[in-house]
Amino acid sequence: MRFRNSIRFDSNYHCHSSYCDGKKRPGKYAQIAFDGGMKTIGFSSHAPLPFKAEWAMKKKDLETYFRDIEDLKSNYAGKMEIYAGLEVDYIPRISSPQSRFIRSLPLDYTIGSVHFVDKFRDGAHFEIDGSTTVFQRGLGEIFHGDIRLLIKRYYSLIRKMLERAPPDILGHIDKIKIHNRDKRFFDEKAAWYQEEVLHTLEVLSATPTILEVNTRGFYKNKTSDLYPSQWILQQAAEMGIPVTIDSDAHHPNELSLGFEQALEAIKKAGFDTFWVLSNFYWKKRKVKHQQYRRDK
Ligand SMILES: [Zn+2]
Ligand SMILES: [Zn+2]
């Protein structure tokens with residue numbers, strides 16, 4: 001499958017600007033989103049972490065981050081809705097979408113994601129979506145080379161987050177497949193894998209959290225499918241789990257990459273609605289009313 005760069009969509013809540021590991025200031029994002037006809041944009045910098053993580057925001061920048069977004073809200077008032085969010089890591093006892101710190105911030109929403117699974121022997125946190133070399137090192141050093149153990153731990157962390165600290169949006173549920181092109185590490189059709197995912201969807205379905213359809217792995221050519229894979233989306237649709245569509249943009253040019261495919265994927269999976277933030281509330285919108293527009 002190929003993506004088209006010129007599709008415009010109405011909303012995107014997963015955007016990383018120069019405040020973390022994205023390129024360009026929030027103002028540039030807003031301008032490009034507005035020029036492209038978007039109606040809503042949400043910023044979701046990686047929340048600060050209490051250890052060295054190059055891609056996370058610095059705590060000292062939070063104040064200007066929220067002020068910048070506040071300014072954009074007034075500049076675009078009546079023209080485009082702007083929301084202040086954060087993508088918050090779930091790391092037991094270290095970072096959570098419902099921590100006192102996160103709850104003290106002027107946030108409109110949170111995306112809760114698992115990027116770290118346990119620690120290396122030297123105490124460094126193991127990041128599952130770094131390089132394949134790091135992935136292999138973590139798999140070998142922490143999980144004795146047993147991919148099942150690693151994956152089960154990954155999904156158990158997502159379930160813990162959903163049970164203990166449900167975010168508004170669950171970010172890229174199956175990002176653990178990022179290094180799995182050509183089934184290099186596991187087969188998604190294996191019963192043990194599917195059970196793990198289904199168990200996680202069951203937990204998710206008992207929370208108010210919205211499942212994110214995230215196009216980044218797809219348009220960056222890391223995965224052959226979206227996050228989540230089509231079969232997972234189908235199960236989610238059957239279970240009545242709400243979905244939203246995001247591109248996890250790290251540059252304003254990525255604001256709507258892969259959205260045509262995402263819309264097709266949710267339709268195919270059986271969803272007739274998806275969720276959007278409107279006047280500060282999450283609301284359902286009919287899939288058939290969403291237009292994607294091509295640039296002339
Ligand atoms: Zn993420
Ligand atoms: Zn992200």
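Residues numbered from 1 in each chain as written. Chains lettered and ligands numbered in written order. Predicted model: local features only at pLDDT ≥ 70, side-chain atom pairs only at ≥ 80, totals over all residues. Heavy atoms only, no water.

Let us look at the coordination of the zinc ion (ligand 1). Ideal geometry at a metal gives 109.5 degrees between four tetrahedral donors and either 90 or 180 degrees between six octahedral ones. Distances from the zinc ion (ligand 1) to its protein donors, namely Glu87 (OE), His115 (NE2) and His172 (NE2), fall within the range 2.1 to 2.2 Å. A gap of 3.4 Å separates the zinc ion (ligand 1) and the zinc ion (ligand 2), which Glu87 links by coordinating each metal. In this pair, His115 is assigned in the loop between β5 (109–113) and β6 (116–119) and His172 in the loop between β8 (169–170) and α6 (191–205), connecting sequence segments 57 residues apart. Neither His115 nor His172 differs from the other in exposure class; each is buried. (Donors = N, O, S within 2.8 Å, 3.2 Å for Na, K, Ca; no water. Helix = DSSP H or I, 4+ residues; strand = E, 2+ residues; numbered from the N terminus. Buried < 20%, exposed > 50% of the residue type's maximum accessible area, 1.4 Å probe, protein only.)

Distances from the zinc ion (ligand 2) to its protein donors, His14 (NE2), His16 (NE2), Glu87 (OE) and Asp248 (OD), fall within 2.1 to 2.3 Å. Here the zinc ion (ligand 2) binds four donor atoms, and the angle range of 77 to 166° at the metal identifies the geometry as irregular. Mapped onto the sequence, the residues coordinating the zinc ion (ligand 2) show the spacing H-x1-H-x70-E-x160-D. Taking the relative accessible area as the measure of exposure, Asp248 reaches 3% and is therefore buried. (Tetrahedral: all angles 85-135°; square planar, octahedral: opposite > 155°, others 65-115°.)

At their nearest, the axes of helix α8 (residues 230–238) and helix α9 (residues 259–269) sit 8 Å apart, and the two run at 50° to each other. Judged on the interaxial angle alone, α9 and α8 are oblique. At the point where α8 passes α9, the crossing takes the right-handed sense. For the pair α8 and α9, contact is made by Gln230, Leu233, Gln234 and Ala237 and by Ala265, Ile266, Lys268 and Ala269, respectively. In the contact of α8 with α9, the residues fall into five nonpolar, two polar and one charged. (Axes fitted to C-alpha atoms, helices over the stretch in contact; angles between N-to-C directions. Parallel < 35°, antiparallel > 145°, perpendicular 65-115°, else oblique. Left-handed = near helix turned anticlockwise from the far one by under 90°. Contact = heavy atoms within 4.5 Å. Nonpolar A, V, L, I, M, F, W, Y, C, P; charged D, E, K, R; others polar.)

This paragraph deals with the packing of aromatic side chains. One pass over the structure, following the stated rule, counts 21 aromatic pairs. Taken together, a centroid distance of 5.0 Å and an interplanar angle of 80° make the contact between Tyr154 and Tyr155 edge-to-face. Using a relative accessible area of 0% as the deciding quantity, one classes Tyr155 as buried. Among the aromatic residues, those joined into a ring-pair cluster are Tyr154, Tyr155, Phe186, Trp192, Tyr193 and Trp231. (Phe/Tyr/Trp six-rings, centres within 6.5 Å; stacked < 30°, edge-to-face > 60°.)

Our next topic: unusual backbone geometry. The residue after Tyr227, namely Pro228, is reached through a cis peptide bond having omega -5°. Assignment of secondary structure puts Pro228 in the loop between α7 (216–219) and α8. A positive phi angle, close to 75°, is found at Lys24, a residue other than glycine. Examined against the element boundaries, Lys24 turns out to sit in the loop between β2 (11–12) and α1 (26–35). By relative accessible area, Lys24 is classed as partly exposed at 43%. Of note, Phe280 is a non-glycine position whose phi angle comes to about 75°, a positive value.

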